[in-house]
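Here's the letter readout for the chains.
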Amino acid sequence: VVTFLLAIPEASGQSLGVQSSTAAAFVGTWVFTMTNPQGAQETVRIVDKNGAVAASVQAGRFPPIEVSGILKDGDMLVLTATRFENGKPIRAVISLIPDGEMMKMAQMLEFSETIKRGSGKKQ
């Protein structure tokens, strides 16, 4: 899945057509505490935008980044975004899986073999 998603061209900040009605469990602002890097914080905002899912992701105190692609596969929501590391753009693939009142996150950055993980609650 990660290889496939990294190969998808940028979608001009628009989702890939996930209807909000099929992703109600994900809608909201989620604050994640990451285990890698230990204690880092990520915020994911998922909203209904004219019947479709739209999202942004924010690392710590950096400005939020609009998600460029959104896919839903069963009970998993997969987001793609372009982040910047040392001033250079890199692709990020983020998977979200509901876990009771919590949400699990796994994130992989282009050129990295490390999967960053965390869990969070809806605010």
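Whatever comes next refers back to the structure up there.
All of the points below concern the structure found in this document. What you are looking at is a predicted structure, and each value in this text was computed from that prediction instead of being measured. All residue numbers here refer to positions counted from 1 along the written sequence of the relevant chain. Where totals are concerned, whole chains, interfaces and linings use all residues; where local detail is concerned, this predicted model gives features only for residues with pLDDT of at least 70, and gives and counts side-chain atom pairs only at 80 or more. Only hydrogens and water are set aside when side-chain values are computed; all heavy atoms of the structure are taken into account.

Concerning the sheet that holds strand E9 (residues 115-122)
- A pair of strands is considered paired only if DSSP assigns at least 2 bridges between the two. The numbering of helices and of strands both runs from the N terminus, where a helix is a DSSP run of H or I of at least 4 residues and a strand a run of E of at least 2. The 9 strands lie next to each other as E4-E3-E2-E1-E9-E8-E7-E6-E5, forming an open sheet whose pairing is antiparallel. Where the open sheet ends on each side, the last strands, each with one partner, are strand E4 (65-66) and strand E5 (69-73).
- The sheet contact formed by strand E2 (residues 38-49) and strand E3 (residues 52-59) spans 8 bridges and is antiparallel. Opposite aspartate 48, over in E3, you have valine 53 as the bridge partner.

Some thoughts on the environment of proline 63
- With respect to the helices, strands and loops of the structure, proline 63 is situated in the loop between E3 and E4.
- By relative accessible area, proline 63 is classed as exposed at 60%.
- By the convention used here, residues are in contact when the closest approach between their heavy atoms is within 4.5 Å. Residues in contact with proline 63, not counting those within four places in the same chain, are Val57 and Gln58. Each residue is assigned to one of three classes by its accessible area relative to the maximum for its type, calculated with a 1.4 Å probe on protein chains only: buried under 20%, partly exposed between the two thresholds, exposed over 50%.

Regarding the pairing of E5
- Where E5 and strand E6 (residues 76-85) come together, 5 bridges link them in antiparallel fashion. Residue pairing in the sheet places lysine 72 in a bridge with leucine 77 of E6.
- Hairpin connection of E5 to E6: 2 residues between the antiparallel strands, including glycine 74 at a positive phi of 60°.

Focus on the side chain of threonine 43
- By the element assignment, threonine 43 lies in strand E2.
- You can call threonine 43 buried: its relative accessible area is 8%.
- Setting aside anything within four residues of it in sequence, one finds threonine 43 in contact with Thr29, Trp30, Val31, Ser56, Val57 and Gln58.

Comments concerning unusual backbone geometry
- Residue proline 37 is bonded to the preceding asparagine 36 through a cis peptide linkage, with omega at -5°.
- Unusually for a residue other than glycine, asparagine 50 sits at a positive phi of about 55°.
- Within the secondary structure, asparagine 50 sits in the loop between E2 and E3.
- Phi is positive for phenylalanine 111, which is not a glycine, with a value near 70°.

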